[in-house]
Amino acid sequence: MPKITYIDSQGNEKIIDVKNGLTVMEGAIQNNVPGIDADCGGSMACATCHVYVKEEWLNKLEKIEDAEQDMLDMAFEPKKNSRLSCQIIVKEELDGLVVNTPSKQT
Amino acid sequence: MIKTDVVIVGAGPVGLFAVHQLGIIGLKSEVIDNLDKAGGQCIELYPDKPIYDIPAIPVCTGEELTKNLLKQIKPFKTNFHFNERVQEISNQNNNWIVKTNKNKIFSSANIIIAGGVGSFEPRKLPLKEAEKYEEKSIFYSVRDKNKFKDKKISIFGGGDSALDWALELSKTSKVTLIHRRDEFRGSEHTFNEVKKLEKQGKLNIKTKFQLASIEGDKNIKFITIKNDEEKIIKIETDYILSFFGLVMKLGPIAEWGLNLDKKHIPVDSEKFQTNKKGIFAIGDICTYPGKIKLILSGFHEAALAARACFKNARPNEIYKFQFTTSSKEIQERLGIKTK
Ligand SMILES: Cc1cc2nc3c(=O)[nH]c(=O)nc-3n(C[C@H](O)[C@H](O)[C@H](O)COP(=O)(O)OP(=O)(O)OC[C@H]3O[C@@H](n4cnc5c(N)ncnc54)[C@H](O)[C@@H]3O)c2cc1C
Ligand code: FES
């Protein structure tokens, strides 16, 4: 199972085994990783699952869609490496992915 | 004080169907929602998106579903209290007293909380200083545009609200529109209009910038914005308008003494009652073993909670199960003329 590392804004790190096919958001919610709210349950309507993806992983992810960019406009302090974790589907190639959660989601 | 059989918190699809289920068994309800309209997530988050899993409706949009629910409850002439947040709940002689942030007070034997993921509130600016200027120099909606005449206004956002107000206010004021990227998600037509004004020097656009600081004393004097390259620009500003959509905040619901499991209210799956007698929770906000956050589950929960409300609202009457197809009583309540 791919290992996903979630680092919160204080630097606390959690490494979670996330099943292929789940999203990075679901990996966090199901394992009580704090820092991701996911109020809309993954339907790309809330931007409260916002994460910063470690630079070297950015181009390994599926390309960001317009609708995701639109939602990211509303996220808390978006940056160049911002993504919505409900849109990142875990697969073997993402084993080792590191994401940082923002200091808050709203 | 408004007396009723059931106070419903939330006018999302589930709250609306609760009105129906209460109405057909003869109970009156009053509905309160912090939004300015009915429909909850369906109307606020996905009015134009199709829903495919409402029983017997192969497809409808969030807006169509809302309209049809409103049509279905029309006969009950229910009062809606929009733009009001339910703030406090207390118990007086076995009756629940419900108070809104606009100090409207309700008294009722039952409360049905159909609050979804919480009340919709504008997404606030990320800076701490923003709080102290709120409703003075910082606004999340425009109620009276005259206030902004002949002023220096910084507008944040990339959607229709930001573009529309940039266009409108630039007629009378000095407007700077600030957005985090070059692409705007608002309507192309408005965007082109805004671009035209920029070319004519009637409005400033700063893209790839975000708010960095707010400076002032009682009122804002200027703001600074910065881009990814840490370039900082100072903009003289009287008012900030910020349009980053809405977020759902559990807010006051967490302070009513109800058991909470993360952001959900645990209920039994017979009556959908919370840990307090006469307070029910249905729809996205409730949780129980096997709960799925679907509109159809919320409808079922509304049907059962409504029957449980009957016992509290009419302690001396006996609830009779009847079909809408064959019950004259129900059809009368629905305003249907029977022979
Ligand atoms: C993009 C998207 C697509 C979806 N697609 C589907 C689908 O295809 N099928 C499906 O079944 N479901 C779908 N859903 C889920 C569905 O929309 C929800 O299950 C449904 O809206 C829940 O209804 P509700 O009435 O419980 O809550 P909501 O719709 O969340 O409504 C709750 C209302 O309560 C108000 N409120 C809360 N607290 C207070 C307070 N203290 N005072 C005043 N008002 C308050 C809020 O302002 C809000 O209007 C989708 C959701 C999203 C975001
Ligand atoms: S969970 Fe809402 S946008 Fe990802």
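Residues numbered from 1 in each chain as written. Chains lettered and ligands numbered in written order. Predicted model: local features only at pLDDT ≥ 70, side-chain atom pairs only at ≥ 80, totals over all residues. Heavy atoms only, no water.

On to the nonpolar core. It is characteristic of soluble globular proteins that their nonpolar side chains tend to be buried jointly. One finds B:Ile112, B:Ile113 and B:Ile282 to be the most contacted residues of the largest nonpolar core, which totals 59 residues. In terms of residue count, helix H7 (residues 295–313) of chain B provides more of this core than any other element does, nine residues in total. Beyond its immediate chain neighbours, meaning those up to four positions away, B:Ile112 contacts B:Val6, B:Val7, B:Ile8, B:Val9, B:Ala18, B:Leu22, B:Phe280, B:Ile282, B:Ala305 and B:Cys309. Counting residues in each nonpolar core, the second largest holds 30 residues, with A:Val33, A:Ile36, A:Val53 and A:Val90 among its members. (Core = buried A, V, L, I, M, F, W, Y, C linked by side-chain atoms within 4.5 Å. Buried < 20%, exposed > 50% of the residue type's maximum accessible area, 1.4 Å probe, protein only. Helix = DSSP H or I, 4+ residues; strand = E, 2+ residues; numbered from the N terminus. Contact = heavy atoms within 4.5 Å.)

Attention shifts here to the sheet that holds strand S14 (residues 209–216) of chain B. Residue and element names in this part refer to chain B. One open sheet accounts for three strands, arranged S14-S15-S16; its pairing is antiparallel. Strands at the two margins of the open sheet, each flanked by one partner only, are S14 and strand S16 (232–236). Taken over all neighbouring pairs, the strand axes of this sheet differ in orientation by 25 degrees on average, direction set aside. Bridging between strand S15 (residues 220–227) and S16 involves five bridges; their strand directions are antiparallel. Looking at S16, one finds that Lys226 is bridged to Ile232. (Pairing = 2+ DSSP bridges. Axes fitted to C-alpha atoms, helices over the stretch in contact; angles between N-to-C directions.)

A separate point is the environment of B:Pro55. Residue and element names in this part refer to chain B. In this fold, Pro55 is placed in the loop between strand S3 (50–51) and strand S4 (60–61). Pro55 gets classed as exposed once you look at its relative accessible area, which sits at 53%. Expressed as a C-alpha distance, the spacing of Pro55 and Ile295, which sit 240 residues apart in the sequence, is 9.9 Å.

Before going further, it helps to spend a moment on the interface of chain A and chain B. With 21 residues of chain A in contact, the opposing surface of chain B contributes 19 residues. Summed over both partners, the interface of chain A with chain B buries about 1,700 Å², with 43% contributed by carbon and sulfur atoms. Ranking the residues of chain A by area buried against chain B places A:Asp39, A:Asp73 and A:Met74 at the top, with a combined share of 38%. For the pair chain A and chain B, the interface holds six salt bridges. Between B:Glu229 and A:Lys80 there is a salt bridge, with the nearest N and O atoms lying 3.7 Å from each other. Where chain A packs against chain B, one counts twelve residue pairs in polar contact (both at pLDDT 80 or more). The dominant element in the side of chain A that touches chain B, judged by the number of residues it contributes, is helix H3 (residues 66–72) of chain A, at three residues. Broken down by class, the residue content of the side of chain A that touches chain B amounts to eight nonpolar, six polar and seven charged. (Buried area = accessible area lost by both parts, 1.4 Å probe. Salt bridge = Lys/Arg side-chain N within 4 Å of Asp/Glu carboxyl O. Polar contact = N/O pair within 3.5 Å; in protein donor to acceptor, adjacent residues only side chain to side chain. Nonpolar A, V, L, I, M, F, W, Y, C, P; charged D, E, K, R; others polar.)

Our next topic: the domain arrangement of chain B. Under the domain assignment, chain B is made up of domain 1 (2–120 + 246–333) and domain 2 (124–242). On a C-alpha basis, the centres of domain 1 of chain B and domain 2 of chain B stand 38 Å from each other. (Domains from an automatic or database assignment.)

Below, the discussion takes up the sheet that holds strand S5 (residues 98–100) of chain A. All names here are of chain A. One open sheet holds the five strands; their spatial order is S2-S1-S5-S3-S4, and the pairing between them is mixed. Edge positions in the sheet fall to strand S2 (13–17) and strand S4 (82–84), since each of these pairs with one other strand and no more. On average, adjacent strands in this sheet sit at an angle of 35 degrees to one another, irrespective of strand direction. Where strand S1 (residues 3–7) meets S5, three bridges bridge the pair, whose relative direction is parallel. Among the inter-strand pairings, Tyr6 is bridged to a residue of S5, identified as Val99.

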